[in-house]
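Spelled out from the first residue to the last, the chains are:
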Amino acid sequence: MAAPFSPETREAALAALPSADLDLLVIGGGITGAAVARDAALRGLAVALVERIDWAAGTSSRSSKLIHGGVRYLQQGDVSLVREAAAERAVLRRIAPHLALPCRMLMPTRSRAAQAKLGLGLWTFERIAGIPADERYERWSASETLRREPTLDGTQLHGAVTFTEYLTDDARLVLDTVRGAHAAGALCANHAEVTAVEGCEVTLQDAFGGPVRRVRSRAVVNAAGPWVDVVRARARALSGARLHLTKGILTYLGTTDTDYGAPTAYPEVTSEDAAYLFEAAERTFAAPALTSADVVATWAGLRPLLHEEGKGPSEISRRDEIMEAENGLVSIAGGKLTTHRRMAERVVDLVCRRLGVTRPCRTDTVALPNGEEGPEALRRLAQEVAERLPQLRPGGAERLIALHGTGCRRLLARIAARPEAGAPLPGPSGVLGAEIEEAIDEEMALTLEDVLDRRTRLLLFDARQGLETLEAVATLAAARLGWDRTRTAAEIDGYRHLAASLRSFA
Ligand SMILES: Cc1cc2nc3c(=O)[nH]c(=O)nc-3n(C[C@H](O)[C@H](O)[C@H](O)COP(=O)(O)OP(=O)(O)OC[C@H]3O[C@@H](n4cnc5c(N)ncnc54)[C@H](O)[C@@H]3O)c2cc1C
């Protein structure tokens, strides 16, 4: 059994890296880098994965959190991408059912022609993608639509078309993928930045002040998302295709697609971005118009797309591309959360060819950690969680299953051993102390932001952004991670500042 995915495991990985005999070093712990590391480790390669901030701290925690069937690629005439996206959705449902939850989407229509066009598009998509019968689209009349969605504006409504997409938790998907890489033997360290690349040797800087380390590997893959070109520049390998960053923002209202300049860790949501979404909501719903005072949280992410001359943000292809530099650096950019596994397979195939080994990809059959059991078993586990933890808030058992999958059993065991860990912490979410302990002991969280944004998701989905829970979490984290008062105060201030920045457009 693999060691816990803990701060101590990170320290041990960092200490081992300078003398490790590595086949592959992966730069960037978003979904792309995590998937490359897991694939390569499962093929038996000696792998390391390093991430500058935290697992999923870049675009991979700021997506719309959908595993797309790929219907929009049909509009672009990209049938092979439709097939790939639909097939990947089915794979994810198999290897991580807690991270691929079917969800009905609804598109209101204003005319018979629009309804017919959408229906035809979805019919074609479902035949190409092989969508199972119970997930196929339905057409609703205006009265049926308003009966089921009474908040819609019915004045110009013709009807609606509904179809199935899958919801995921993007940051948790990355985390379980990295944990899968770790379980297969990869050395993984977050908060460790590659500051220089010289051929197959990189310089690694520990964000917490550890020694600067030099790490050698037979192959290096640059999966730095929006920073792919920054890393290529550091490696003096910036030739050929270039990135074209577009910014998408999202409350749970919708998203945008606008050009963006140099990559930043925290792209801002502007008042223009917000106004665009408020106007769209006002056109669609009969409810009183939304204002910035209604916003709990926002997020914005940068799409690392490949530049195509003359094309606007929404026209650029979402396909991925592998770029090989003369000095050996392999970079991968573009793509989607949905198709990450196939992107990784293509990269690792290339690395294997370079290393002169033949090893088949196994990522479509090996379950992710926490994803070992199917939807029916998860439903039974949710029931058990609800019965054994009556202190959970309504919906709490489902929340824990969506975050932890079968890992809920570890939480239950932790609480059985120390019942005080099962006490809810202050704040509307009712998050349990055991969840914070789990985030540090088993999920390599090292800062309050790691815990509250990417492990528990309170920053985005708690009605108070986790601010009422912050002090209690800081006390637990400080005791476990050995923080002094200065560090604890800096962590609390930093988190408050981040939470405020997500509402700053108001
Ligand atoms: C608003 C929005 C909505 C989206 N919605 C969806 C959706 O619903 N479904 C879908 O399938 N896709 C969606 N996408 C696309 C998807 O989120 C991205 O394609 C994907 O997350 C990119 O992952 P990545 O790993 O390539 O990049 P990232 O997640 O950004 O990962 C790159 C990582 O590299 C790290 N890094 C950078 N430089 C260094 C360095 N020098 N050393 C070490 N580490 C480094 C960064 O910190 C970062 O964590 C959306 C994108 C956006 C912006």
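The structure presented is a predicted model; accordingly, all values stated were derived computationally and were not measured. In this numbering scheme, every chain counts its residues from 1 along its sequence in written order. Residues qualify for local features only when their pLDDT is at least 70, as the model is predicted, and side-chain atom pairs are given and counted only at 80 or more; totals for whole chains, interfaces and linings, by contrast, use all residues.

Draft legend 1. Spotlight on unusual backbone geometry. In this structure, histidine 191 is a non-glycine residue whose phi angle is positive, near 55 degrees. Secondary structure is summarised from DSSP: a helix means a run of H or I of at least four residues, a strand means a run of E of at least two, and numbering begins at the N terminus for each. Structurally, the position occupied by histidine 191 is in the loop between β7 (187–189) and β8 (192–198). Judged by C-beta crowding, with 24 C-beta atoms within 10 Å, histidine 191 ranks as buried. The phi angle at glutamine 465 is positive, at roughly 55 degrees, despite the residue not being glycine. Exposure classes come from backbone-placed C-beta atoms, where a residue is buried if 20 or more other C-beta atoms lie within 10 Å of its own, exposed if 12 or fewer do, and partly exposed in between.

Draft legend 2. Examining the domain arrangement of the protein more closely. What counts as a domain boundary in this text is fixed by an automatic or database domain assignment. Each domain of the protein was delimited in the assignment, giving domain 1 (66–167), domain 2 (246–301) and domain 3 (375–501). For domain 1 versus domain 3, the distance between C-alpha centres works out to 33 Å.

Draft legend 3. The pairing of strand β2 (residues 47–50), seen in detail. Of the two faces of β2, the one holding Val47 and Leu49 and the one holding Ala48 and Val50 are both buried throughout. In this analysis, strands are considered paired if DSSP registers two or more bridges between them. Direction of pairing for strand β1 (residues 22–27) relative to β2: parallel, over a ladder of four bridges. Paired with valine 26 across the two strands is leucine 49, which belongs to β2. The handedness of the β1 to β2 crossover, carried by helix α2 (residues 31–42), is right-handed. With three bridges joining them, β2 and β7 adopt parallel strand pairing. Of the residues in β7, the one forming a bridge with alanine 48 is leucine 187. When the strands point away from the viewer, a crossover counts as right-handed if the path from the first strand over the helix to the second runs clockwise.

Draft legend 4. Structural detail: the pairing of strand β14 (residues 320–324). Pairing of β14 with strand β15 (residues 330–334), which is carried by five bridges, proceeds in the antiparallel orientation. Across the sheet, methionine 323 pairs through a bridge with serine 331, a residue of β15. Hairpin connection of β14 to β15: five residues between the antiparallel strands, including glycine 328 at a positive phi of 100 degrees.

Draft legend 5. Focus on the site of the ligand. Any residue qualifies as near a molecule or strand once its backbone-derived C-beta atom lies within 6 Å of it. Close contacts around the ligand come from 40 residues, with Gly28, Gly30, Gly58, Gly225 and Gly248 the closest. Mapped by element, the contributors of at least two residues to the shell around the ligand are α2, β8, β11 (243–250) and β13 (299–306). Tallying contributions element by element places β13 first for the shell around the ligand, with four residues. Broken down by class, the residue content of the shell around the ligand amounts to 16 nonpolar, 17 polar and seven charged. Residue type decides the class: Asp, Glu, Lys and Arg count as charged, Ala, Val, Leu, Ile, Met, Phe, Trp, Tyr, Cys and Pro as nonpolar, and the leftover types, Gly among them, as polar.

Draft legend 6. A look at the sheet that holds β11. Strand order in this open sheet of three strands is β12-β11-β13, and the pairing throughout is antiparallel. The open sheet has two free edges, formed respectively by β12 (258–259) and β13, since each of these has just one partner strand. Alignment of β11 against β12, held across two bridges, turns out to be antiparallel. Looking at the pairing, threonine 246 lines up with aspartate 259 of β12.

Draft legend 7. Looking closely at the environment of threonine 155. Relative to the assigned elements, threonine 155 resides in the loop between α6 (142–148) and β6 (159–167). C-alpha of threonine 155 to C-alpha of arginine 110: the two residues are 45 residues apart in sequence and 9.4 Å apart in space.

Draft legend 8. Examining helix α4 (residues 79–95) more closely. One less than the number of residues in a helix, times 1.5 Å, gives the span that helix is expected to have. Taking 1.5 Å per residue as the helical rise, α4 with its 17 residues ought to reach 24 Å, and the 25 Å between its terminal C-alpha atoms agrees with that figure. Inspection of α4 places Leu81, Val82, Glu84, Ala85, Ala86, Glu88, Arg89, Leu92 and Ile95 among the buried residues, and these make up the whole buried set. Turning to α4, the residues buried within the fold contact β3 (66–67), α3 (71–75), α5 (112–129), β6 and α10 (340–355). The contact criterion used here is simple: two residues whose C-beta atoms, placed from the backbone, lie within 7 Å are in contact.

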